[in-house]
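One letter stands for each residue in the lines below.
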Amino acid sequence: MTAAGIARLAGVGRAAVSNWRRRHAGFPKPVGGTETSPTFALADVEHWLRAQGKLAEVPPRERVWQQLVGHPAGAATALRQAGAVLLFVRDRPSAWRQLNHAANDIELAGMLPPVLESVLAAHLGRHHPVTGLTREALLPSAALLRAAAELAAEEDCAAEEDWAAAAYEFLLGRHLDANPRQYTLTPPGPAGLMAALAGEAHTVLDPACGTGSLLDAAEGARELYGQEADPDLAALTALRLALRAPGAQVRVHAADTLRTDAFPQLAADAALVHPPFNERNWGHDELAYDPRWEYGFPARTESELAWVQHALARLREDGTAVLLMPPAAASRRSGRRIRADLLRRGALRAVIALPAGAAPPHGIPLHLWVLRKPGAASPPSPHLLVVDTAGLAAGAPGRDKPDWQAVRDTALEAWRAFDRDGGVEERPGVRRSLAAIDLLDDDVDLAPARHLPPPSAAGGLAELGRVRDRLATTLARTAELTPEPAAGPEPGPAGARPGGPARWPLTTVGELARAGALVLRAGGPGTAAPGAAPAVLTEHDVVAGAAPSGALPEGAAAGPAEEPVLVAAGDVVVPVLGGGAVARVVDEATAGAALGRNLFLLRPDPAALDAWFLAGFLRGTANNRQASSYASTATRLDVRRLQLPRLPLADQRRYGHRFRELAAFEETLRLAARLGGQLVQGLHDGLTDGSVTPG
């Protein structure tokens, strides 16, 4: 097991494990891995942790996981075997109990192959991709297989309706998390939206099925067809779908889809595809005369348009395909002829722009293409729906997590109205129905943002007038809040001297924390239990004075959720990177958010420290300079070294009142800047689109 596994086992951070290795001579020695990422024997680690009083018992799921990753044939092989046994245990529990109790490891390995083959054939067909189930392969796995079956009966998994599927999801999720660069995952948000856009379907195809997320999202489908080039992944996905959709017929094949189509006669109701992007070696030279290229032979650089046409070729008439596409596929000149033919024949019905961060690669705003296979009974649609949800990244500027509920609602509302009525009410900046003939120019550019009027033009002069009125009110408020000229030093408190800085007795944040006058906590890491994720207060939010805009990763797949640090009203939050003098007092609206990375929380005892006094003095430039590291360009603040004067609580409150007034002034300046920018941009947009005249 790795250092991360030891940390998870003991319920501590990885830094604690590194500290144990340095401080304790008896800490287990590495048995493998590399110098920078060593691995340790589970038994040695368990013994040491128990001797140190840091572990009562290894959880069953952790023990099974460590057996799986340590399997001599590799984790993928062990997962195939464990999944097949879980399928057997679910379908024939009494037969499993009899084998498990009556047979030793050698006998179990000999009896299982024909039984597992029978179970797999019943669910996955005779030509399934699950291999490596011979007696010789199963013999080293006997202990793991028994433990996997016991894991399914564990309380956490047994509480699930599909307990065998829950156990397999845990093991597969851990494997995927441990190998993030090996697999491209389709997150639940986009997968669910794609399935909803496709609508109800009896037969669903995913010709690039990966881990099976899209097929798993197709609720109610009774026939699931998938193809995946990686044999290991094809086997794991087949087992996952068989366990999660017990009443469905599952057929998954391991082969290159474009070169070796496993389902040439299929006529599916729906196709859901997250194809590999920007492939150059997709079969361009071998497939020049393939009958699937009904809308044009894709260029070597247009592999995504090959996947589009493959999906259409495997649909029944009026069947629906939804593909996750890179934005360049909507505008590259090399694909304009195919895009034009898709429009002319009514096959391409909608292009929906998603926010950046929706799915890998996370840095670009991907598109969804919704296609309908033309049928003899349905005339071609003369319109294309374009929808732009890219502005629905939740919360304040800088948030990198989309608000998936808003994205889903916006996309589905537009698509269902368009599909039902053949058109949709225009919403500037969000959606519009375009005549296909108007798009058939030299570029055939289908990017939604290029065909939508900006939202600011929608309100015209009335909206701009409201912004101007708000700006005028805010500027007046700014004038009211402008601080009075500073007075000279007062005779008290002690230490003040006329004409220069006060020489107060000072203390540090570290000393106050040791004395119990405040609690000091570092932000992140943390994960959320599904359905119970608080928003995250990020560095950007603290600096910009914005609402919490981050999101916690879900911890279900990687084990129990790690408890995040939650902020409360009156806490003071300080960023530790960047070298700026920033401190924010948490208000009631922000309370309950999780503390993000690179932030420290200071929770003062109200009987000893005033929160606004604390935050105000922490923002002093000289204070931050002496507590910062200038060893590199990435200046880091040592919060414990920040200083503040030792003053009676009454004097603290006087200073705190003044600092609170400064914070109100600063926030009003921010609002004035935002409104001013909105007014300027609105006038630019109005003048350039004609909704505002120079007069």
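Note that the structure is predicted; figures quoted are calculated from it, not measured.

On to the overall build of the protein chain. Per the secondary structure count, the protein chain includes 24 helices and 22 strands. Long-range pairs, those at least 24 residues apart, make up 71% of the contacts in the protein chain between residues at least 6 apart in sequence. Just so you have it, the protein chain exposes about 32,700 Å², and 53% of that area is on carbon and sulfur atoms.

Let us look at the environment of His123. Here His123 lies in helix α7 (residues 105–124). On the accessibility criterion, His123 (12% relative accessible area) is buried. A C-alpha to C-alpha distance of 8.9 Å links His123 and Gly247, two positions 124 residues apart in sequence. Apart from residues lying up to four places away in sequence, His123 is in contact with Leu87, Arg90, Asp91, Ala242, Pro246, Val250 and Arg251.

The next thing to look at is the nonpolar core. Formed by 93 residues in total, the largest nonpolar core has its most connected members in Leu112, Leu193, Leu197, Val204, Leu272, Leu354 and Leu368. Discounting chain neighbours no more than four positions away, the residues touching Leu368 are Leu193, Met194, Leu197, Val322, Leu323, Leu324, Ala350, Val351, Ile352 and Leu354. In terms of nonpolar packing, the next biggest core, distinct from the first, is built from 37 residues, Leu315, Ile338, Val351 and Leu446 among them.

The strands making up a sheet associate through hydrogen bonds between their backbones, and the pairing can be parallel or antiparallel. Taken in spatial order, the three strands of this open sheet run β15-β14-β18, and their pairing is mixed. Because the sheet does not close on itself, it has two edges, and the strands there are β15 (550–551) and β18 (594–595). The pairing of strand β14 (residues 535–537) with β18 spans two bridges and is classified as parallel. In the strand pairing of β18, Leu537 is matched with Leu595.

Another aspect to go through is unusual backbone geometry. The step from Pro360 to Pro361 runs through a cis peptide bond, and the omega angle for that step is -10 degrees. Structurally, the position occupied by Pro361 is in the loop between β8 (348–353) and β9 (367–372). Although it is not a glycine, Val444 adopts a positive phi angle of roughly 45 degrees. By secondary structure assignment, the location of Val444 is in the loop between α18 (436–439) and α19 (460–481). Its relative accessible area of 3% is what places Val444 among the buried residues. Positioned with a positive phi, Asn598 is a non-glycine residue whose angle comes to about 60 degrees.

Take helix α6 (residues 93–102) next. Every buried residue of α6 is listed here: Trp96, Leu99 and Asn100. Mapping the buried residues of α6 onto a view down its axis gives an arc of 95 degrees, with all of them on the same face. When the buried face of α6 is taken as reference, the exposed residues oriented beyond 90 degrees from it are Gln98, His101 and Ala102. Where the residues of α6 are buried, they touch α5 (75–91), α7 and α9 (142–152).

In the structure shown here, the tally under the stated rule is 33 salt bridges. The partner of Arg658 in a salt bridge is Glu661, with the nearest N and O atoms 3.6 Å apart. Of this pair, Arg658 and Glu661 both sit in helix α24 (residues 649–689), three residues apart, which is roughly one turn of that helix. As a salt-bridge pair, Glu667 and Arg670 come within 3.1 Å of each other at their nearest N and O atoms.

What follows concerns the environment of Ala149. Looking at the secondary structure, you find Ala149 in helix α9. Overall, the relative accessible area of 10% leaves Ala149 in the buried class. Put simply, Ala149 and Leu87 are 62 residues apart on the chain and 9.8 Å apart in space, counted from C-alpha to C-alpha. Beyond its immediate sequence surroundings of up to four residues, Ala149 is in contact with Leu86, Val89 and Trp96.

In a packed pair of helices, the relevant descriptors are the angle between the two axes and the axis-to-axis distance. Across the interface, α5 lies against α6 with an axial gap of 5 Å and an inter-helix angle of 115 degrees. Judged by residue contacts, Val85, Phe88, Val89, Arg90 and Asp91 of α5 engage Pro93, Ala95, Trp96 and Leu99 from α6. Tallied by class, residues from the contact of α5 with α6 come to seven nonpolar, no polar and two charged.

Across its 16 residues, helix α11 (residues 163–178) extends 23 Å between first and last C-alpha, which sits within 8% of the 22 Å expected from 1.5 Å per residue. Within α11, twelve of the 16 residues are buried, which leaves it mostly tucked inside the rest of the structure. Every buried residue of α11 is listed here: Ala164, Ala165, Ala166, Ala167, Tyr168, Phe170, Leu171, Leu172, Gly173, Arg174, His175 and Leu176.

A separate point is the pairing of strand β19 (residues 599–604). Where strand β13 (residues 518–522) and β19 come together, five bridges link them in antiparallel fashion. Residue pairing across strands places Leu518 opposite Pro604, the latter belonging to β19. Bridge analysis of strand β16 (residues 572–575) against β19 gives four bridges, and the strand direction is antiparallel. Looking at the pairing, Val572 lines up with Leu602 of β19.

For the pair α5 and α9, the least separation of the axes is 9 Å and the interaxial angle reads 50 degrees. Our classification of the angle between α5 and α9 gives oblique. In this structure, the crossing between α5 and α9 has a hand that is right-handed. The residues of α9 that touch α5, namely those facing Ala78, Gln81, Ala82, Val85, Leu86 and Val89, are Leu144, Leu145, Ala148, Ala149 and Ala152. Looking at the contact of α5 with α9 residue by residue, the classes come out as ten nonpolar, one polar and no charged.

Spatial ordering of the open sheet is given by β5-β4-β3-β6-β7-β9-β8-β10-β11, a layout of nine strands whose pairing is mixed. The open sheet terminates on both sides in strands that have one partner only, identified here as β5 (249–254) and β11 (431–435). Within the sheet, the average angular offset between the axes of one strand and its neighbour, ignoring direction, is 15 degrees. Bridge count between strand β4 (residues 223–228) and β5: six bridges; the pairing is parallel. Counterpart to Glu223 in the pairing with β5 is Gln249. Helix-sheet contacts for helix α15 (residues 303–313) involve β6 (268–273), β7 (315–325) and β9, and the interaxial angle to β7 is about 155 degrees.

In this structure, Gln66 sits in helix α4 (residues 60–69). Residue Gln66 is classed as buried on the basis of its relative accessible area, which comes to 9%. Aside from chain neighbours lying at most four places away, what touches Gln66 is Met1 and Leu42.

Turning to its location among the elements, Ser433 is positioned in strand β11. The spatial distance from the C-alpha of Ser433 to the C-alpha of Phe418 is 7.8 Å, given a sequence separation of 15 residues. Setting aside anything within four residues of it in sequence, one finds Ser433 in contact with His383, Leu384, Phe418, Gly422, Gly423 and Val424.

Once that is clear, we can look at the confidence of the model for the protein chain. On average, residues of the protein chain score 86 in pLDDT, and 90% of them are at 70 or above. pLDDT under 50 marks residues 155–159. Its contacts with residues more than four places away, or in other chains, come to ten contacts. Note on residues 394–400: pLDDT under 50 across the span, and 17 contacts to partners over four residues away in sequence or across chains.

Analysis parameters
- Residues numbered from 1 in each chain as written.
- Predicted model: local features only at pLDDT ≥ 70, side-chain atom pairs only at ≥ 80, totals over all residues.
- Heavy atoms only, no water.
- Helix = DSSP H or I, 4+ residues; strand = E, 2+ residues; numbered from the N terminus.
- Contact = heavy atoms within 4.5 Å.
- Areas by Shrake-Rupley, 256 points an atom, 1.4 Å probe, with all protein chains shown as cover.
- Buried < 20%, exposed > 50% of the residue type's maximum accessible area, 1.4 Å probe, protein only.
- Core = buried A, V, L, I, M, F, W, Y, C linked by side-chain atoms within 4.5 Å.
- Pairing = 2+ DSSP bridges.
- Arc of directions from axis to C-beta.
- Salt bridge = Lys/Arg side-chain N within 4 Å of Asp/Glu carboxyl O.
- Axes fitted to C-alpha atoms, helices over the stretch in contact; angles between N-to-C directions.
- Nonpolar A, V, L, I, M, F, W, Y, C, P; charged D, E, K, R; others polar.
- Expected span 1.5 Å × (residues − 1).
- Parallel < 35°, antiparallel > 145°, perpendicular 65-115°, else oblique.
- Left-handed = near helix turned anticlockwise from the far one by under 90°.
- pLDDT = per-residue confidence, 0-100.

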